[in-house]
Amino acid sequence: MALATSLIPGLDELVRGDDPERRAEAARRISDLFLDGASRFKPEHVEFFDGILIGLVPRTELNVRAGIAERLAVVANAPRNLVGQLAREDEIVIAGPLLRSSPVIDEKVLVEIAREKGQEHLLAMAERPTLSTGLTDVIVRRGDREVVRRTAGNAGAAFSTAGYSVLIDRAGHDGVLMLAVGQRDDLSDDNLKELLAGSIDAVRRRLLEAARPARRAAIKRVMGDISGLMLPVEGRRNFEPAQRMILALHEAGNLDENALIEFAKAHKYEESIAALSAMSGVKIATLDRLIAGDRYDPILIVSRKIGLEWATVQALILLRLGPNRVPSQADIEGARVNFARLMPSTAERVVNFWKARQAA
């Protein structure tokens, strides 16, 4: 403290006082003093500066805190308590540089911030040089599309089994994410097969073209084991325009339940079946044959498999009947009860059976 007070007389008064300009000047000067000698300081010296700065910096203006955070973000022995407090700030201009780069923030703090803060904070963390499985579990569960894409594209990120399951599920509705996940070197063949089975053939080919040479062999091997979703569809309906539309939605990351229910409500049969195919991994010809049958059960099964809400299921049942047929209330209520009783595991087994039969 003697060195700091010799440079800034009345430091104790500044820490306790209410003069923002004097406090900001003290924070800048002491930060400069620390940064100038950081590479030479021992842990006890860093702790000494931490104790002073933690009382000054958080009470300065935003631009002062942002400037100090930016400079501390690349310092290997930055004051840990100060960095942790600044990284928890709501203002991303302050927290962002530290969340992206600071080596002194431990995993526990990062996970706490990931659970509490918004998308900007998650996006900053997604750019860190390394990400643990504990952290990515939170990020992929809470993150929006851009956050999850950035995390999947981070070669230094590690994912747990649960984390990869979330990524693969979300990639089924996001072509950009599918490309990012498919190019990861740590993706197992089983996960790669699950990923490609839920994608459109054109996106698979794009992945193969974009992949590094070392990754192409695995992608080719898995692609050889599964059937494409863009093959010509036999029957009286022409699904090709619908397939092109669904592919465009898929690549833009907009192929989701909202898009599906809009197709169903508008009685766009081809678009609805093509969307269900892309979302479930069941070929269009198979779905068309099953859904056009005498029962609505296939709609319940594939809907439960991909996690649709009842409102969407009902819209698909009405789509199946056509715009000029109105089901009885008893039929709709019976379908709703059956859908509620249908176990996801049962739906999963039936859909897997369909896929096995269509690949045979």
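J.: Requested: an account of the environment of Ala335, with residues and values cited.
T.: Tracing the backbone shows Ala335 in helix α23 (residues 329-341). As for Ala335 and Trp310, which are separated by 25 residues in sequence, their C-alpha atoms are 9.7 Å apart.

J.: Would you mind going over the packing of helix α6 (residues 80-87) against helix α7 (residues 92-101) in detail, with residue names and values included?
T.: Contact geometry of α6 with α7 gives a least axis separation of 8 Å together with a crossing angle of 120°. Taken together, the axes of α6 and α7 are oblique relative to one another. In this structure, α6 contributes Val83, Leu86 and Ala87 to the contact, and α7 contributes Ile94, Ala95, Leu98 and Leu99. For the contact of α6 with α7, the per-class residue count stands at seven nonpolar, no polar and no charged.

J.: Help me get a handle on the pattern of salt bridges, residues and values and all.
T.: For the coordinates displayed, the defined rule picks out eleven salt bridges. Measuring nitrogen to oxygen at the nearest pair gives 3.0 Å for the salt bridge that ties Arg88 to Glu112. Placement of the pair is Arg88 in the loop between α6 and α7 and Glu112 in helix α8 (residues 107-116), with a sequence separation of 24 residues. Look at Arg88 and you get partly exposed, because its relative accessible area is 32%. A residue is classified by how much of its surface remains accessible, and Glu112, at 27% relative accessible area, is partly exposed. A salt bridge links Glu146 to Arg150, with the shortest nitrogen-to-oxygen separation between them at 2.9 Å.

J.: I'd love a proper account of empty space enclosed by the protein, names of residues and values included.
T.: Scanning all chains against the criterion turns up two cavities of 30 Å³ or more. Estimated volume of the second largest cavity: approximately 30 Å³. If you trace the second largest cavity, you find it lined by Tyr269, Ile273, Leu276, Ile291, Ile299, Leu316, Leu319 and Arg320. Among the residues making up the lining of the second largest cavity, the classes are represented as seven nonpolar, no polar and one charged.

J.: Can you tell me about the side chain of Ser160, naming the residues and giving the values?
T.: With respect to the secondary-structure elements, Ser160 resides in the loop between α11 (145-152) and α12 (161-171). For Ser160, a relative accessible area of 19% puts it in the buried group. Here the side chain of Ser160 touches Gly163 through a polar contact of 3.0 Å, landing on its backbone nitrogen. Beyond its immediate sequence surroundings of up to four residues, Ser160 is in contact with Thr133 and Asp137.

J.: Got a sec to walk through a negative patch on the surface? Specific residues and values, please.
T.: On the surface, Asp169, Asp190, Glu194 and Glu348 cluster together into a patch of negative charge. Among the secondary structure elements, Glu194 is positioned in helix α14 (residues 189-197).

J.: If you had to explain helix α3 (residues 20-37) to someone new, which residues and values would you point to?
T.: Here α3 is 18 residues long and its end C-alpha atoms lie 26 Å apart, about the 26 Å a rise of 1.5 Å per residue gives. Along α3, the residues classified as buried are Arg23, Ala24, Ala26, Ala27, Ile30, Ser31, Phe34 and Gly37.

J.: Describe the layout of surface pockets, with residues and values.
T.: By volume, the largest pocket is sized at about 380 Å³. For the largest pocket, the lining is made up of 17 residues, of which Ile168, Asp169, Glu194, Met279 and Lys305 are closest to its centre. For the lining of the largest pocket, the elements supplying multiple residues, two or more each, are α12, α14, α19 (269-280), α21 (297-306) and α24 (344-359). Considering every element that reaches the lining of the largest pocket, the biggest residue donor is α12, with four residues. Counted by class, the lining of the largest pocket contains six nonpolar, six polar and five charged residues.

J.: Describe the nonpolar core, listing the residues and the values that go with them.
T.: Of all hydrophobic cores here, the largest spans 69 residues; its most connected members are Leu98, Leu99, Met125 and Leu167. In this structure, Leu167 is in contact with Val140, Val148, Ala152, Phe159, Leu177 and Val181, ignoring residues within four places of it in sequence. Ala278, Leu308, Val313 and Trp354 belong to the second largest nonpolar core, which has 38 residues in total.

J.: Any chance you could break down the packing of aromatic side chains for me, citing the residues and the numbers?
T.: Following the criterion strictly, the structure yields seven aromatic pairs and no others. Above the ring of Phe339, the side-chain terminus of Arg304 is found at 4.1 Å from the ring centroid.

J.: So what's going on with the environment of Pro344? Residues and values would help.
T.: If you trace the backbone, Pro344 turns up in helix α24. The class of Pro344 is partly exposed, set by a relative accessible area of 47%. Spatially, the C-alpha atom of Pro344 lies 8.3 Å from that of Gly307, the residues being 37 residues apart in sequence.

J.: Hey, could you go over the confidence of the model for the protein for me, with residue numbers and the actual values?
T.: Predicted coordinates in regions of low pLDDT should not be interpreted in detail. When pLDDT is averaged along the protein, the result is 85; 88% of the residues meet or exceed 70. Counting contacts from residues 1-7, a segment whose pLDDT is below 50, to residues more than four positions away or on other chains yields ten contacts. Low pLDDT (under 50) marks residues 227-235, which in the prediction has 27 contacts with non-local residues, meaning those over four places away or in another chain.

Reading the values: the criteria
- Residues numbered from 1 in each chain as written.
- Predicted model: local features only at pLDDT ≥ 70, side-chain atom pairs only at ≥ 80, totals over all residues.
- Heavy atoms only, no water.
- Helix = DSSP H or I, 4+ residues; strand = E, 2+ residues; numbered from the N terminus.
- Axes fitted to C-alpha atoms, helices over the stretch in contact; angles between N-to-C directions.
- Parallel < 35°, antiparallel > 145°, perpendicular 65-115°, else oblique.
- Contact = heavy atoms within 4.5 Å.
- Nonpolar A, V, L, I, M, F, W, Y, C, P; charged D, E, K, R; others polar.
- Salt bridge = Lys/Arg side-chain N within 4 Å of Asp/Glu carboxyl O.
- Buried < 20%, exposed > 50% of the residue type's maximum accessible area, 1.4 Å probe, protein only.
- 1 Å grid on protein atoms, 1.4 Å probe; cavity = no way out; pocket = protein on both sides within 12 Å on 5 of 7 lines; lining within 4 Å.
- Points joined across faces, edges and corners; volume = space filled by probe spheres on them.
- Polar contact = N/O pair within 3.5 Å; in protein donor to acceptor, adjacent residues only side chain to side chain.
- Patch = residues over 30% accessible without salt bridge, like charges linked within 9 Å, V, L, I, M, F, W, Y side chains within 5 Å.
- Areas by Shrake-Rupley, 256 points an atom, 1.4 Å probe, with all protein chains shown as cover.
- Lys, Arg positive; Asp, Glu negative; His and termini not counted.
- Charge placed at Lys NZ, Arg CZ, Asp CG, Glu CD.
- Expected span 1.5 Å × (residues − 1).
- Core = buried A, V, L, I, M, F, W, Y, C linked by side-chain atoms within 4.5 Å.
- Phe/Tyr/Trp six-rings, centres within 6.5 Å; stacked < 30°, edge-to-face > 60°.
- Lys NZ or Arg CZ within 6 Å of the ring centre and 35° of its normal.
- pLDDT = per-residue confidence, 0-100.

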